[in-house]
Amino acid sequence: MTRAPQARASVGTNVTRRDGAAKAAGRARYIDDLDFPDMLHARTIRTTIPCGSIRAVRHDLAREGFVVVDHTHVPGRNVIRLIEDDQPCLAPGVVRHAAEPVLLIAHEDRERLWQAEVDIEYEPAEAILDYESSSITQTTIRIDKGDVDAALTGADVIVEGTYRTGHQEQLYIETNGIIAVPENGGVTIHGSMQCPYYIHRALGVLLDLPAERIRVVQAETGGGFGGKEEYPSMIAGHAALLALAAGRPVKLIYDREEDLEATTKRHPFTVRHRTGLTRDGELVAQDIDVLADAGAYVTLSPVVLSRGAIHAGGPYRCPNVRIAGRSVFTNTPPNGAFRGFGAPQTLFAVEVHMERIAEAMGLDSVDLRARNALRPGDETATGGTVGPDGSALQVLEEALGRTDYRRKRAEYRAAAARAGRGEARRGVGLALYFHGSGFTGGGEVKLASEAALETTESGVRILSSTVEIGQGTRTIHAQMVADALDIAYERVEVAQPDTAVVPNSGPTVASRTCMVVGGILRACAEEMRARLDGADPAEHFRRHGPLVVRRAYEAPPGLAWDEETYRGDAYGTYAWACDVAEVELDPDTWEARPLRLTAVCEIGKAIHPRLALGQIEGGTAQGLGYALLEEVVMRDGLMANAQLTNYIIPTTLDTPPIDAVILESPYAHGPWGAKGVGELPIDGPAPAIANALRHLGLDVREIPATPERLMEASAVGGVGAATVAPGAARELDPAAAGGEPAQGAGTPAREGGWGAPDGGPGVAA
Amino acid sequence: MGSPGRRPGGGRVSPLLRARFRLNGVDREVDAPPMKRLLDVLREECGLTGTKEGCGEGECGACTVLLDGDPVCSCLVAFAQARDREVLTIEGLGGDHPLQRAFARWGGAQCGICTPGMIVAALALGPDPSLEDVRTALAGNLCRCTGYEAIYRAVRRAGGEAAAAPEPSAGAGT
């Protein structure tokens, strides 16, 4: 448990960020800043059709001095190991998506490299490009609580709705890149990455090399947001194959266009709600279908779907819940991890749906939320229990007070009613949300992450594979260790993640860096403190040599999760938040201009308040892009706007003032009470903004809410919204009356997949 | 196809150009293809890797340098255009410039890849810029980590202005 504050406590203070000065000086070395003697540059030749087979690959590059590698050069298994071994490292003949890697070439001269020509002859097949009409199911998930059908039958009111969210690109400003160096009878990988040990494991399978011949070292990484969770294993595989073939170091850096076209994005989701309530607004049944577009291979889709489904009911208590999740294959580049990991999609749906429920029933949407919000001791959709730190009502109250929400709500509505044609209208909207910290269910137990501490000449060094990607890992880990050891923050070094040096602390994902890995490090520090028995670590080192303490994750007591039934505590705890968005609509251009975003986030404990605020502000801006600006236009299965000219992320002028607020309700099993913070803030802005647009009269159920979509959006309050007869079960879906097309979430599933992974019998259609 | 990115064109067929320019206050003479991007000349011929590439098409501003005092995207400037001119990169600030100190201290740098370009772009601002001045001056520099708020705090504090924005906590600071 948390110890009493100490004289030199650094936790909770804004100590100097470890990497701040080097980054501001331009001295921090990212992967493209590194060079090795005799290094070659590499390029990936990719498919240009979304589905079919490769008849022939023609080139004359080997004779022109290029190093050339294709699937026949893979010494081990031609797969990128992750959840399932279905994704080839190099397409062996079957094409499942455009931009699929086929051939790798390397040359010392980058000019020659980009002038090289390769001709691929295809036998095209019909592609599945629209996930809502795909019948190839990849994963299904089912969450069941109570008796949904009976509860719906008995409900006073039923409100339905369908909500859609598009792809989103992580858009780390540093594109992906890897350098592979052949050495030690194997290969060393340097690169931009979130998960050194994912790469380490994937290369063992691909290259058929023992673990000790593979070394993975993280370079300074220019942002990740999930986008460097799994795809770097692919790039590392490519660079390693070329490096081993050439016997020379190989650098493989993507330009922006390739990074946008080929690497993973946030999964598009279609979520359908059918909700039963009593006449005074108590939730009695949530019936939710969640459909996710996996793209062409499994990658992380099952776990994205899982987190999405678990969050789909929102931060509300409801005795009868059915959540049916399904991910389907399409012939598009695989979607993958992105901050929020399925939750932004389903929380968008439920929070817009709650607004529509209130509207349809003539209730105040804040009252509706407050009435049903999960309180400590309440049961979640999976049958877990909200801990004493649960704070849905606190964040809601703080957000209302801070933004003067109710007054603005009334004022803007009155002003909009008075507004003439051509006058800008304002709206204000809100979203209440939560985000589970750490891996889902038994994930952390399965990971069994480890971290270590060792004494040094000047203090101690942290050994962990958790990477710094901007979020502040080095700083907060050093703070926690310093305080647990009762030494100065400056005396704690943090080793660069290098699989030859640090243990496997699990991937740098899932808002687990602070709460989970920080917790392991605190346990290491406490054990070291006991073993030092009053001695200073540096003094101990000088006398006795290095003392190393290594600890593994220990699950908090009382957590229970059943993977088979999806019942139990899906997460040890949740962080809670409420966003308020104020938006103005340009009457001529139909642009929605956010005027102010407020994000009130309860995160247990801010280890470093300034860094935590940075997470909230950054996540909020990224959520704003998701809501309004960022549209991935797919054409023939390939991103058609694969450049920053027309894939628009928020600039300074698109981003309004952000009021980020931290509340602390300590989690008993988090270090110093800390919960996860990284992902939380991206869940809220999109529904808050959509609800602000709804407030000014536009029925927004799909994002991004571009001017084109807003122009076509129907007015709020159409057929049925005002016709609720209390006491009579009524199905209210104003837009459905307008002929909304049937959605894929209900189409019959065909279990299975594409067929055999390594080439196999072609594409099932 | 889209951006030129690192897919060069024309450089190889051209003879090398020997050109002088003033780089971070020091005269340099460099041999490079005339159409080679200034970004690449700085990083490769001059060994100054503090200038970063984010998009290769002048949209993200990560490669911002000052050319005769004006911020430009060095991915859009040909080497020949730098001839006889003055170029300032992040390295020219030495590491202890008030803007650099403020970015490090106030959370203006998270992942850090946009930071050099952001700082160089902010250099062009006068003393005590207003928030609107800062927003406008940095509109060509994308950051995906911060939501820009911490960058505003850093730039405005570097100008010596006691910003009105409240501090996040009663933290110790440094």
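Conventions we followed
Residues numbered from 1 in each chain as written. Chains lettered and ligands numbered in written order. Predicted model: local features only at pLDDT ≥ 70, side-chain atom pairs only at ≥ 80, totals over all residues. Helix = DSSP H or I, 4+ residues; strand = E, 2+ residues; numbered from the N terminus. Buried ≥ 20, exposed ≤ 12 C-beta atoms within 10 Å, placed from the backbone. Contact = placed C-beta atoms within 7 Å. Rg over C-alpha atoms; globule rule 2.2 N^0.38 Å. Pairing = 2+ DSSP bridges. Axes fitted to C-alpha atoms, helices over the stretch in contact; angles between N-to-C directions. Right-handed = clockwise from strand over helix to strand, strands pointing away. Nonpolar A, V, L, I, M, F, W, Y, C, P; charged D, E, K, R; others polar. Core = buried A, V, L, I, M, F, W, Y, C linked by C-beta atoms within 7 Å. Parallel < 35°, antiparallel > 145°, perpendicular 65-115°, else oblique.

Brief notes about the overall build of chain B
Then step 1. Scanning chain B from terminus to terminus reveals 5 helices and 5 strands.
Then step 2. For chain B, the α and β elements follow one another from N to C terminus as β-β-α-β-β-β-α-α-α-α.
Then step 3. Residue burial in chain B is summarised as follows: out of 174 residues, 55% are buried.
Then step 4. Looking at chain B alone, contacts between residues at least 24 apart form 58% of all its contacts between residues at least 6 apart.

Brief notes about the overall build of chain A
Then step 1. What chain A contains, in helices and strands, is 19 helices and 29 strands.
Then step 2. Against the 2.2 N^0.38 benchmark of 27 Å for 765 residues, chain A shows a C-alpha radius of gyration of 26 Å, consistent with a compact globule.
Then step 3. Along the longest, intermediate and shortest principal axes, the C-alpha atoms of chain A span 75 × 70 × 50 Å.
Then step 4. The buried share of chain A, reckoned over its 765 residues, is 63%.
Then step 5. Counting contacts in chain A only where the partners sit at least 6 residues apart, residues at least 24 apart contribute 82% of the total.

Digging into the environment of Ala296(A)
Residue and element names in this part refer to chain A.
Then step 1. Relative to the helices and strands, Ala 296 resides in the loop between β14 (283-295) and α7 (301-310).
Then step 2. Assessed through the 26 C-beta atoms surrounding it within 10 Å, Ala 296 is described here as buried.
Then step 3. C-alpha separation for the pair Ala 296 and Pro 333, spaced 37 residues apart in sequence, amounts to 5.9 Å.

Quick look at the sheet that holds strand β5 (residues 101-107) of chain A
Strand pairing in a sheet is mediated by backbone hydrogen bonds. Such pairs are either parallel or antiparallel.
Residues and elements named next belong to chain A.
Then step 1. Ordered by their spatial adjacency, 7 strands build an open sheet running β3-β5-β1-β12-β9-β10-β11, and the pairing between neighbours is mixed. Edge positions in the open sheet fall to β3 (67-69) and β11 (214-218), since each of these has one partner strand only. For this sheet, the mean angle separating the axes of adjacent strands, direction not counted, is 25°.
Then step 2. In this sheet, β5 lies alongside strand β1 (residues 40-46) in antiparallel orientation, the contact comprising 6 bridges.

Brief notes about unusual backbone geometry
Residues and elements named next belong to chain A.
Then step 1. With omega at 5°, the peptide bond leading from Ile 703 into Pro 704 counts as cis.
Then step 2. Topologically, Pro 704 is positioned in the loop between β28 (702-703) and α18 (707-712).
Then step 3. Phi is positive for Leu 171, which is not a glycine, with a value near 50°.
Then step 4. Structurally, Leu 171 can be placed in the loop between β8 (157-165) and β9 (177-183).

Structural notes on helix α17 (residues 685-695) of chain A
Then step 1. Burial analysis of α17(A) places 11 of its 11 residues in the buried class, which makes it a mostly covered element.
Then step 2. Looking one or two places after α17(A), you find Gly697(A), whose phi comes out positive at around 115°.

Structural notes on the pairing of strand β10 (residues 186-191) of chain A
Residue and element names in this part refer to chain A.
Then step 1. Most of β10 is tucked away, with 5 of its 6 residues classed as buried.
Then step 2. In this sheet, β10 lies alongside β9 in antiparallel orientation, the contact comprising 6 bridges. Looking at β10, one finds that Val 181 is bridged to Thr 188.
Then step 3. What sits between β9 and β10 in their antiparallel hairpin is a turn of 2 residues, with Asn 184 showing a positive phi close to 60°.
Then step 4. At this point the chain moves from β10, through helix α4 (residues 196-207), to the parallel β11, and the crossover so formed is right-handed.

Digging into the interface of chain A and chain B
Then step 1. With 57 residues of chain A at the interface, the matching set in chain B holds 52 residues.
Then step 2. A total of 10 residues in the side of chain A that touches chain B trace back to one element, the largest contributor, which is helix α16 (residues 609-629) of chain A.
Then step 3. By residue class, the composition of the side of chain A that touches chain B is 22 nonpolar, 20 polar and 15 charged.

Considering the sheet that holds strand β19 (residues 492-494) of chain A
All names here are of chain A.
Then step 1. The strand order across the open sheet formed by 4 strands is β19-β18-β17-β20, and the pairing between neighbours is mixed. Across the chains shown, the open sheet's two edge strands, defined by having one partner strand only, are β19 and β20 (548-552). Along the sheet, successive strands turn relative to each other by an average axial angle of 20°, direction set aside.
Then step 2. Inspection of the sheet shows strand β18 (residues 460-463) paired to β19 by 3 bridges, in the parallel sense. Across the sheet, residue Ile 462 finds its bridge partner in β19, namely Val 494.
Then step 3. Contacts between helix α13 (residues 473-485) and the sheet are confined to β17 (450-455), β18 and β19, with β19 contributing the most and set at about 145° to the helix.

Some words on α7(A)
All names here are of chain A.
Then step 1. Of all 10 residues making up α7, 9 are buried, and the element is well covered by its neighbours.
Then step 2. Taken together, the buried positions of α7 are occupied by Ser 301, Val 303, Val 304, Leu 305, Ser 306, Arg 307, Gly 308, Ala 309 and Ile 310.
Then step 3. Structurally, α7 contributes buried residues whose contacts are with β7 (137-145), β13 (269-277), β14, β15 (321-329), α8 (343-361) and β16 (425-436).

Points about the environment of Asp498(A)
Residues and elements named next belong to chain A.
Then step 1. Structurally, Asp 498 can be placed in the loop between β19 and α14 (513-532).
Then step 2. Distance from Asp 498 to Val 467, taken between C-alpha atoms, is 9.9 Å for residues 31 residues apart in sequence.
Then step 3. Leave out the neighbours within four places in its chain, and Asp 498 touches Arg 215 and Val 217.

Remarks on the nonpolar core
All names here are of chain A.
Then step 1. Counting residues in hydrophobic clusters, the biggest one holds 290 residues, and the most contacted among them are Ala 180, Ala 239, Leu 242 and Val 481.
Then step 2. The element contributing the most residues to this core is helix α5 (residues 231-246), with 11 residues.
Then step 3. Apart from residues lying up to four places away in sequence, Leu 242 is in contact with Ala 42, Val 67, Val 69, Leu 104, Ala 106, Ala 180 and Val 250.

So, the pairing of β18(A)
All names here are of chain A.
Then step 1. Taking every second residue as pointing to the same face, both faces of β18 are buried, with Val 460 and Ile 462 on one and Arg 461 and Leu 463 on the other.
Then step 2. The pairing of β17 with β18 spans 4 bridges and is antiparallel. Of the residues in β18, the one forming a bridge with Thr 455 is Val 460.
Then step 3. A loop of 4 residues connects β17 with β18, the two strands running antiparallel in sequence.

Here's the deal with the packing of helix α10 (residues 392-403) of chain A against helix α11 (residues 405-418) of chain A
The description of two helices packed together rests on the angle between their axes and the distance between the axes.
Residues and elements named next belong to chain A.
Then step 1. α11 packs onto α10 with a crossing angle of 55° between their chain directions and a minimal axis gap of 6 Å. With respect to α11, the element α10 is oriented oblique. Across the interface between the two elements, Ala 399, Leu 400 and Thr 403 from α10 touch Tyr 405, Arg 406 and Lys 408 from α11.
Then step 2. Per-class residue counts for the contact of α10 with α11 are 3 nonpolar, 1 polar and 2 charged.

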